[in-house]
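Single-letter residue listing:
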Amino acid sequence: MTGTTDLTDPAPTAERRKTARVRWAAGAAVALALLFAGAAAVAAAREDGSAPRAAGAPAPDSADAGFARDMAVHHQQAVEMSFIVRDRTEDEDVRRLAYDIANTQANQRGMLLGWLDLWGLPKVAGGDQPPMAWMGGGEGDGGHEHGGHHPGGGSDGDGGLMAGMASRAELERLARLDGKQAEVFYLQLMTDHHKGGVAMAEACASRCTVPVEQRLAQGMVKGQQSELGLMRDMLTERKARPRS
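Everything in this summary refers to the structure shown in the same document. (Residues numbered from 1 in each chain as written. Predicted model: local features only at pLDDT ≥ 70, side-chain atom pairs only at ≥ 80, totals over all residues. Heavy atoms only, no water.)

## With respect to the pattern of salt bridges
So, step 1. Evaluation of the coordinates by the stated rule reveals eleven salt bridges.
So, step 2. As a salt-bridge pair, arginine 96 and aspartate 93 come within 3.0 Å of each other at their nearest N and O atoms. Of this pair, arginine 96 and aspartate 93 both sit in helix α3 (residues 92-119), three residues apart, roughly one helical turn.
So, step 3. Overall, the relative accessible area of 37% leaves arginine 96 in the partly exposed class.
So, step 4. If you follow the salt bridges from partner to partner, you end up with Asp91, Glu183, Glu237 and Arg238 in one network. (Salt bridge = Lys/Arg side-chain N within 4 Å of Asp/Glu carboxyl O. Helix = DSSP H or I, 4+ residues; strand = E, 2+ residues; numbered from the N terminus. Buried < 20%, exposed > 50% of the residue type's maximum accessible area, 1.4 Å probe, protein only.)

Encoded structure:
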């Protein structure tokens, strides 16, 4: 009938999916550019560790430098997981969340690596310095296990992972799942990941001395705590719950 809308018309859904694909393509270009730039910076740091330290820059073993290095690695995995789930589900809510996480954390990662460049500090810690050593207190600091990706984890050959990080086996499993199973596992992995990230950001907010880095860390805490609540609700909708 003229002047009415066919509610069964698939065009609106198709148009939304087209829009989502366009957003993902744009986000992918930004994220990949930042990741490649970061990889090049790391390679340069390994090849030439003689760059002069900038005047007034934090010390190489400071909380400021440690947070920038470790959170850059932490963020890179969040981007990786988000790109994996993008191809494993058609659920618009999960894809939108993954897009937001990938875009936000790729940009923040670029800022962290950029500061290390400005400070004239290496992008990777010395071989004898374990991840998160800058937080102090050893394992258990802040109520989190620094050596494993989640409570009871770290038994699959991925020793030295920072708090909340998924193991390589878990990333491979995510890449094999589809639909609801992929959505649930991604939300569980990202919940663990955000919990670890919040602990690291809170430590920087209290230990770092560079004001702009402290503000970024405080923003990370607020943003990731908000996303933790959203992911908890999304898991509940799928009759699942966080792993820890």
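## What about the packing of aromatic side chains?
So, step 1. Inspection of every chain in the model, using the stated rule, returns two aromatic pairs.
So, step 2. Judged by centre distance (5.7 Å) and plane angle (80 degrees), the rings of phenylalanine 67 and tryptophan 134 are edge-to-face. Of this pair, phenylalanine 67 sits in helix α2 (residues 63-86) while tryptophan 134 sits in the loop between α3 and α4 (168-176), and the two are 67 residues apart along the sequence.
So, step 3. Under the relative-accessibility criterion, tryptophan 134 is labelled buried at 8%.
So, step 4. Centroid distance tryptophan 115 to tryptophan 119: 6.5 Å. Interplanar angle 20 degrees. Geometry classified as stacked. A residue pair is termed a helical-turn pair when its members lie 3 or 4 positions apart in one helix, as tryptophan 115 and tryptophan 119 do in helix α3 at four residues.
So, step 5. A residue is classified by how much of its surface remains accessible, and tryptophan 115, at 11% relative accessible area, is buried. (Phe/Tyr/Trp six-rings, centres within 6.5 Å; stacked < 30°, edge-to-face > 60°.)

## Side note on the packing of α2 against helix α5 (residues 179-207)
Axes are the key here: two packed helices are described by the angle between their axes and the distance separating the axes.
So, step 1. Between α2 and α5, the least distance of the axes is 10 Å, while the angle of their chain directions is 165 degrees. Relative to α5, the element α2 lies roughly antiparallel. The element α2 and its partner α5 pack so that their crossing is left-handed. When α2 is examined against α5, the residues Ala63, Phe67, Asp70, Met71, His74, Gln77, Ala78, Met81, Ser82 and Val85 are found in contact with a partner set consisting of Ala182, Tyr186, Leu189, Met190, His193, Gly196, Gly197, Met200, Ala201, Cys204 and Arg207.
So, step 2. Across the contact of α2 with α5, the residue classes break down as 13 nonpolar, six polar and two charged. (Axes fitted to C-alpha atoms, helices over the stretch in contact; angles between N-to-C directions. Parallel < 35°, antiparallel > 145°, perpendicular 65-115°, else oblique. Left-handed = near helix turned anticlockwise from the far one by under 90°. Contact = heavy atoms within 4.5 Å. Nonpolar A, V, L, I, M, F, W, Y, C, P; charged D, E, K, R; others polar.)

## Remarks on α4
So, step 1. Buried within α4 are the following residues: Glu170, Leu171 and Leu174. With its buried residues spanning 100 degrees around the axis, α4 presents them on a single face.
So, step 2. Against α2 and α5 lie the buried residues of α4. (Arc of directions from axis to C-beta.)

## Structural notes on the state of the cysteines
Note on terminology: a disulfide is the covalent bond linking the sulfur atoms of two cysteines.
So, step 1. Under the counting rule described, the total for this entry stands at one disulfide.
So, step 2. Shown here is the disulfide that connects cysteine 204 with cysteine 208, its sulfur atoms set 2.2 Å apart. Every disulfide takes its handedness from the sign of the S-S torsion; for cysteine 204 and cysteine 208 that torsion is -120 degrees, giving left-handed.
So, step 3. The exposure class assigned to cysteine 204 is buried, which follows from its relative accessible area of 0%. (Disulfide = S-S within 2.5 Å.)

## Structural notes on the packing of α4 against α5
So, step 1. In the contact formed by α4 and α5, the axes pass within 9 Å of each other and the chain directions differ by 150 degrees. The orientation of α4 relative to α5 falls into the category roughly antiparallel. Crossing handedness for the pair α4 and α5: left-handed. Residues Glu170, Arg173 and Leu174 of α4 lie in contact with α5, whose contacting residues are Ala182, Phe185, Tyr186 and Leu189.

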